[in-house]
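Spelled out from the first residue to the last, the chains are:
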Amino acid sequence: MTATIRDIAKAAGVSVATVSKVLNDYSTVSRATREKVLALVAEMQFRPNEAARSLVGRRSMTIGILLTSGLSNPFFVHLLGGIDEALKERGYDLIYLAQLSAHPEYNFVQHCRSRNVEGVLAFGFQLGELDADKLVASGIPTLFIDLNLTGKRAGYISSDNKEAVEGTVRYLHELGHRRIACIAGLPGSYVGERRLAGFREAMAELGLSLDPDCVVIGDFTQETGYRGMQRLLSLPERPTAVVCGSDKAAIGALQAAREAGVAVPAELSIVGFDDIDGAQVVHPPLTTVRQDMPTLGRRAVELLDRLIVEPESAPPTVILPTQLIARGTTGRAPVGG
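Remember, predicted model here, so these are calculated numbers, not experimental data.

Enquirer: What am I meant to see in the packing of helix H10 (residues 222–233) against helix H11 (residues 247–259) here?
Expert: The angle between the axes and the distance between the axes are what describe a pair of packed helices. Following both chains from N to C, one finds H10 and H11 inclined at 45°, their axes separated by 6 Å at the closest point. As summarised for this structure, H10 and H11 are arranged oblique, according to the angle between their axes. Here H10 runs over H11; the crossing is right-handed. Taken together, the residues of H11 that come into contact with H10 (itself represented by Gln222, Gly225, Tyr226, Met229, Gln230 and Leu233) are Lys248, Ala249, Ile251, Gly252, Ala253, Gln255, Ala256, Ala257 and Glu259.

Encoded structure:
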């Protein structure tokens, strides 16, 4: 039986995409891997024209990334680190798909096709920022990160945002806090809505009264965390704990508390979300929900790769666990809290 490209990949212990890279003389494959694959090609009498007749032989080996919100958020930096690592392992090239939606005739699906991408990783945007339904319906393999869209060749991956915040509220409750506030994330965003839902459901589950004034809507930024905390501290009855939609918002909240002379955690506990690098260097170090951002990126690539090479595979819907990291911004509730 004639050897196939998958036989070569299995024997070499590499991906089909890597074998394709070697056969097409891509420079991104290491010398050792290249020599190993070529030796197996000769040994197994694999004919290059077989690759031309295979799916892989006609592949562009290019993945497009759609990110409309830029790279100012440390979350995206860590996420892209995992994405880059996984793409290199599979021999994919990466291009950034600049969104030109301001142009009246712009069509994102056509943009993807013109770039000859095999698949799209889409994240850091809201539904209103592009016609995501058309992307899903196009049949272009797409993996959404933190946006729960699915289709025949589209799926998503996210962290367990709702359960994470529910656990955070229960943790604060165990510390004696009863008046707990929330500086929520961007309204309309999947993660923002999930985290706020987790907060509301945990408060109800624990029988805690939720003052509408104790829910401040933000956008994950340090500035809205700062302003949100100022608003909470101006209430006649201040909260003794605040759950923030991101670490950046929590760092802004911490700054506002410090300027107001409110001691953290003696008078006020603050919890963030993400566990970015800065969470450990602020004073006091930030208690936060840790997302494994590099793993989120790597798994996204794995799932997208499966959508590409296995067209009939089921659309993935993957939720990754989180971990609450207790540091210096949380403590027992003050007397009467």
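Enquirer: In this structure, what is going on with helix H5 (residues 74–90)? I would like to understand it.
Expert: What sets the pattern is the α-helix's 3.6 residues per turn: residues three or four places apart point alike. If you check H5, its first and last C-alpha atoms are 25 Å apart, about what 17 residues at 1.5 Å a residue would give, namely 24 Å. Residues of H5 that are buried: Phe75, Phe76, Leu79, Gly82, Ile83, Ala86, Leu87 and Arg90. For H5, the arc enclosing every buried residue in end-on projection is 135°, short of the 170-degree limit, so these residues lie on one face. Gly91 sits one or two positions beyond H5 and adopts a positive phi of about 80°.

Enquirer: I keep staring at empty space enclosed by the protein and nothing clicks. Help me out?
Expert: Where empty space is left becomes clear once a probe the size of a water molecule has been rolled over the atoms. Scanning the model with the defined rule gives one cavity of 30 Å³ or more in all. As for the largest cavity, its lining consists of Val165, Cys182, Ala184, Arg195, Leu196, Phe199, Val243, Cys244 and Gly245. For the lining of the largest cavity, the secondary-structure elements that each account for two or more residues are strand S6 (180–184), helix H9 (190–205) and strand S8 (241–244). For the lining of the largest cavity, the leading source of residues is H9, giving three residues.

Enquirer: I tried to follow the sheet that holds strand S9 (residues 269–274) on my own but got confused; where do I start?
Expert: Two orientations exist for strands paired in a sheet by backbone hydrogen bonds: parallel and antiparallel. The six strands are arranged S7-S6-S8-S9-S10-S12 in an open sheet whose pairing can be described as mixed. At either end of the open sheet lies a strand with only one pairing partner, and these are strand S7 (215–217) and strand S12 (323–325). Between one strand axis and the next, the sheet turns by 20° as a mean value, whatever way the strands run. One ladder, built from four bridges, connects S9 with strand S10 (residues 287–290); its direction is parallel. Considered in S10, the bridge of Asp274 is made with Arg290. The strands touched by H9 are S6, S7, S8 and S9; relative to S6, the strand with the most contacts, the crossing angle is about 170°.

Enquirer: Would you mind showing me how to read the nonpolar core here?
Expert: Looking at soluble globular proteins, one finds that nonpolar side chains tend to be buried together. Among the nonpolar cores identified, the biggest contains 28 residues, and Leu79, Ile83, Leu121, Phe123, Leu143, Ile145 and Ile157 are the most heavily contacted of them. Among the elements that line this core, the one with the most residues is helix H12 (residues 293–309), at nine residues. Of all hydrophobic cores here, the second largest spans 26 residues; its members include Cys214, Tyr226, Ala256 and Leu286.

Enquirer: For this particular structure, what's the right way to read the sheet that holds strand S5 (residues 154–159)?
Expert: Here we have six strands laid out as an open sheet, ordered S2-S1-S3-S4-S5-S11, and parallel in their pairing. Here the strands that pair on one side only, and so sit at the sheet edges, are strand S2 (93–96) and strand S11 (317–320). Neighbouring strand axes in the sheet, compared pairwise and without regard to direction, differ in orientation by 20° on average. Across three bridges, the pairing between strand S3 (residues 119–123) and strand S4 (residues 142–145) is parallel. Bridging from a neighbouring strand, Leu121 pairs with Leu143 of S4. Sitting on the sheet, H5 is in contact with strand S1 (62–67), S2, S3 and S4, with an inclination near 165° to S3.

Enquirer: Help me out: how do you make sense of the packing of aromatic side chains in this one?
Expert: The relation between two aromatic rings is expressed through the spacing of the ring centres and the mutual angle of the planes. According to the stated counting rule, one finds three aromatic pairs in the structure shown. Seen in terms of ring centroids, Phe75 and Phe76 are 5.5 Å apart; in terms of plane orientation they differ by 70°. Their pairing is edge-to-face. We note that Phe75, like Phe76, is buried. For the pair Phe76 and Phe123, a centre-to-centre distance of 5.8 Å together with 40° between the ring planes defines the contact as tilted. Pair noted here: Phe76 is in helix H5 and Phe123 is in strand S3, with a separation of 47 residues, a long-range link. Phe123 carries the same exposure label as Phe76, and that label is buried. In this structure, Arg195 packs its charged tip against the face of Phe273, placed 3.7 Å from the ring centre.

Enquirer: Got a minute to help me understand the environment of Phe125 in this structure?
Expert: For Phe125, the position within the fold is in the loop between S3 and helix H7 (132–137). Taking C-alpha positions, Phe125 is 9.7 Å from Ile145, a pair spaced 20 residues apart along the chain.

Enquirer: What's the story with the pairing of S8 in this structure? I'm lost.
Expert: On any regular strand, side chains alternate: one points to one face of the sheet, the next to the other face. Here S8 shows two buried faces, one formed by Ala241 and Val243 and the other by Val242 and Cys244. Bridge analysis of S6 against S8 gives four bridges, and the strand direction is parallel. Directly across from Ile183, in S8, lies its bridge partner Cys244. Direction of pairing for S8 relative to S9: parallel, over a ladder of three bridges. Bridge pairing in S9 places Ala241 opposite Ser269. After leaving S8, the chain enters H11 and then returns to the sheet as S9, a path that is right-handed.

Criteria and cut-off values
- Residues numbered from 1 in each chain as written.
- Predicted model: local features only at pLDDT ≥ 70, side-chain atom pairs only at ≥ 80, totals over all residues.
- Heavy atoms only, no water.
- Axes fitted to C-alpha atoms, helices over the stretch in contact; angles between N-to-C directions.
- Helix = DSSP H or I, 4+ residues; strand = E, 2+ residues; numbered from the N terminus.
- Parallel < 35°, antiparallel > 145°, perpendicular 65-115°, else oblique.
- Left-handed = near helix turned anticlockwise from the far one by under 90°.
- Contact = heavy atoms within 4.5 Å.
- Expected span 1.5 Å × (residues − 1).
- Buried < 20%, exposed > 50% of the residue type's maximum accessible area, 1.4 Å probe, protein only.
- Arc of directions from axis to C-beta.
- 1 Å grid on protein atoms, 1.4 Å probe; cavity = no way out; pocket = protein on both sides within 12 Å on 5 of 7 lines; lining within 4 Å.
- Points joined across faces, edges and corners; volume = space filled by probe spheres on them.
- Pairing = 2+ DSSP bridges.
- Core = buried A, V, L, I, M, F, W, Y, C linked by side-chain atoms within 4.5 Å.
- Phe/Tyr/Trp six-rings, centres within 6.5 Å; stacked < 30°, edge-to-face > 60°.
- Lys NZ or Arg CZ within 6 Å of the ring centre and 35° of its normal.
- Right-handed = clockwise from strand over helix to strand, strands pointing away.

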